[in-house]
Amino acid sequence: MTALAGHPPIFALATGAGRAAIAVMRLSGAGCDDILRALCGTLPAPRQASLRGLWRRDDPSGPVLLDRALVLWFPAPRSYTGEDSAELHLHAGPAVIAAVSDALVALGARPAEPGEFTRRAFAGGRLDLVEAEGIADLIAAETEAQRRQALDQSDGRLSRLYDGWAARLRVLLAHQEALIDFPDEDLPPEIEQALLGDLAALRCEMQAHLDDGGRGEKLRRGLTFAIVGAPNVGKSSLLNALAEREAAIVSSIAGTTRDAIEVRVVLGEVPVTLIDTAGLRDTQDEIEAEGVRRALFHVKHADCVIAMFDGDAPPADVPQGAILVRNKIDLGPAPGGTIGISIHQDRGMDVLRAALAEQARALTAASAGPPLTRARHRAAIEETASHLATALDMDWPEMRGEDMRQAMRALGRLTGAVGVEEVLDTVFGQFCIGK
Ligand SMILES: Nc1nc2c(c(=O)[nH]1)N(C=O)[C@@H](CNc1ccc(C(=O)N[C@@H](CCC(=O)O)C(=O)O)cc1)CN2
Ligand SMILES: Nc1nc2c(ncn2[C@@H]2O[C@H](COP(=O)(O)OP(=O)(O)OP(=O)(O)O)[C@@H](O)[C@H]2O)c(=O)[nH]1
Ligand SMILES: [K+]
């Protein structure tokens, strides 16, 4: 009749907080049908929106109407989670949401934990771990390039690459086991050579996937570009111009900016954190010196350095790959090989914006095949590749098999084929509630 003891249906808002017209309350788990019958009398036709009164019927003074809402009923297995599921498209007022939540708890449901809907979809075999992470990334995607990468991943492009590796490794392991089981059967030596060759090729592909300069991870996270240079060259002015707001203080007094100032912009469809830093110079001022120390930190760690100057020649000690920007061309020309701008006269800014966008694209553009997008994947593939390297170095076939099995397990944890609770807790714990 009501929810199975110990396995109550879960519910959560699928829509965000803040003022909105509609709020979607999602429910999943055995017992959803009873909850819907209790709330709106009868079950709506499967997968069809119907307008229903939602009633609370346990009030001693009689039934209380909570809202008139669109109700959707998704009988298992045709739902996102694969379980019996439902959606209540409510008026989004906080009091409506609170009243419906209370009614759901009274009917035996409990609030969902972060990522629990997707975790149930995973448990039901509807998606693997890498696809689930793609969904989380799609929800977080702020730019076109991030959206494309996340959608590909949630659609299984990356999983197919990893599953393909796992399938090849499984076959090689079977061959390896045949070598162990029939050592005296005069198997031709080519068999072992072919096995080692295939194993080496697999390892090589994994290494190429790892050595992609972190493009996918950078796109997922966003880039940081640091604006650095001597005091008073116009770094804060540039930050403000690119951010299109007065985020940093501009003044003719050298040494205005001390703490690093960060703004988020989108360049080349990639989110970029621009950092305005303290002008680089020797100083007795303790606070300014700390600012210079932080500026040097950003020079070292930024994905790209925008080296700004306002004299005849660029500074001598710019890091490799820095974009050289000569500001104040209203006062004098830019030397060759540098981008000349005048922030005051709005000159050269389109060229600079295009160069920055190009740089952002170049740092994140996928090479061949779907890119690596997470540290978790990197660690698992590094582990797999290192077991393969050990296997390749191994002269005794028995020992080689064990390394190959460890490689299989590491790869299995990546897509969730080998279930490890801690891995699942971390992956789904990073989701938002209602997903
Ligand atoms: N209102 C609403 N919009 C939404 C979702 C949702 O759950 N509710 N989604 C949630 O993430 C996304 C769409 N993803 C979904 C994925 C699968 C199924 C589903 O019911 N799949 C069934 C039936 C497929 C069919 O035949 O139409 C299945 O795969 O068996 C629903 C939504 C985005 N928009
Ligand atoms: N002539 C001219 N002056 C500019 C231009 N851009 C900025 N300035 C001026 O240069 C001075 C310094 O600008 P800021 O943006 O504060 O320079 P900064 O590099 O951030 O300075 P610090 O905080 O000291 O490191 C201000 O007086 C600006 O108005 C420009 O294109 N042409
Ligand atoms: K200044």
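First, a word on what this report is: a plain description of the structure on this page. (Residues numbered from 1 in each chain as written. Chains lettered and ligands numbered in written order. Predicted model: local features only at pLDDT ≥ 70, side-chain atom pairs only at ≥ 80, totals over all residues. Heavy atoms only, no water.)

## With respect to empty space enclosed by the protein
Over the atoms a probe the size of a water molecule is rolled, and this reveals where empty space is left.
1) Next: Going through the model one piece at a time under the given rule, you end up with 1 cavity of 30 Å³ or more.
2) Next: The computed volume of the largest cavity comes to approximately 30 Å³.
3) Next: In this structure, the largest cavity is lined by Gln-149, Asp-152, Gln-153, Arg-157, Leu-158, Pro-370, Pro-371 and Thr-373.
4) Next: Mapped onto the lining of the largest cavity, the elements with two or more residues apiece are helix H5 (144-154) and helix H6 (157-181).
5) Next: Broken down by element, the residue count for the lining of the largest cavity peaks at 3 residues, all from H5.
6) Next: Split into classes, the residues belonging to the lining of the largest cavity amount to 3 nonpolar, 3 polar and 2 charged. (1 Å grid on protein atoms, 1.4 Å probe; cavity = no way out; pocket = protein on both sides within 12 Å on 5 of 7 lines; lining within 4 Å. Points joined across faces, edges and corners; volume = space filled by probe spheres on them. Helix = DSSP H or I, 4+ residues; strand = E, 2+ residues; numbered from the N terminus. Nonpolar A, V, L, I, M, F, W, Y, C, P; charged D, E, K, R; others polar.)

## Some details on the site of ligand 1
1) Next: Inspection of the region around ligand 1 gives Arg-26, Arg-47, Pro-77, Arg-78, Ser-79, Tyr-80, Glu-87, Arg-126 and Lys-435 as its neighbouring residues.
2) Next: Within the side chain of Arg-47, a nitrogen or oxygen atom sits 2.9 Å from an oxygen atom of ligand 1.
3) Next: Arg-126 has a polar side-chain atom sitting 2.7 Å from an oxygen atom of ligand 1.
4) Next: Look at ligand 1: alone it shows 690 Å² of surface, and the protein chains cover 47% of it. (Near = heavy atom within 4 Å. Polar contact = N/O pair within 3.5 Å; in protein donor to acceptor, adjacent residues only side chain to side chain. Areas by Shrake-Rupley, 256 points an atom, 1.4 Å probe, with all protein chains shown as cover.)

## So, the environment of Asp-395
1) Next: Its place among the elements puts Asp-395 in the loop between helix H12 (375-393) and helix H13 (397-415).
2) Next: Looking at Asp-395, the relative accessible area reads 65%, which means it is exposed.
3) Next: When the C-alpha positions of Asp-395 and Leu-173 are compared, they lie 16 Å apart, and in sequence the two are 222 residues distant. (Buried < 20%, exposed > 50% of the residue type's maximum accessible area, 1.4 Å probe, protein only.)

## Describing the packing of helix H4 (residues 129-140) against H5
1) Next: The N-to-C vectors of H4 and H5 enclose an angle of 150°; their axes lie 7 Å apart at closest approach. In terms of orientation, H4 and H5 fall into the roughly antiparallel class. Remark: the crossing between H4 and H5 carries left-handed chirality. For the pair H4 and H5, the contacting residues are Val-130, Glu-131, Glu-133, Gly-134, Ile-135, Asp-137 and Leu-138 in the first and Arg-147, Ala-150, Leu-151, Gln-153 and Ser-154 in the second. (Axes fitted to C-alpha atoms, helices over the stretch in contact; angles between N-to-C directions. Parallel < 35°, antiparallel > 145°, perpendicular 65-115°, else oblique. Left-handed = near helix turned anticlockwise from the far one by under 90°. Contact = heavy atoms within 4.5 Å.)

## Some remarks on the site of ligand 2
1) Next: Residues in close proximity to ligand 2 total 23 residues, the closest being Lys-235, Ser-236, Ser-237, Gly-255 and Ile-343.
2) Next: At a separation of 2.9 Å, an oxygen atom of ligand 2 approaches a polar backbone atom of Gly-234.
3) Next: At 3.4 Å, a side-chain N or O of Ser-342 approaches an oxygen atom of ligand 2.
4) Next: Cavity membership is defined here by more than half of the atoms lying within 2 Å of grid points; on that basis ligand 2 lies in the largest pocket.
5) Next: In the shell around ligand 2, the residues fall into 7 nonpolar, 13 polar and 3 charged. (Sits in = over half its atoms within 2 Å of the grid points.)

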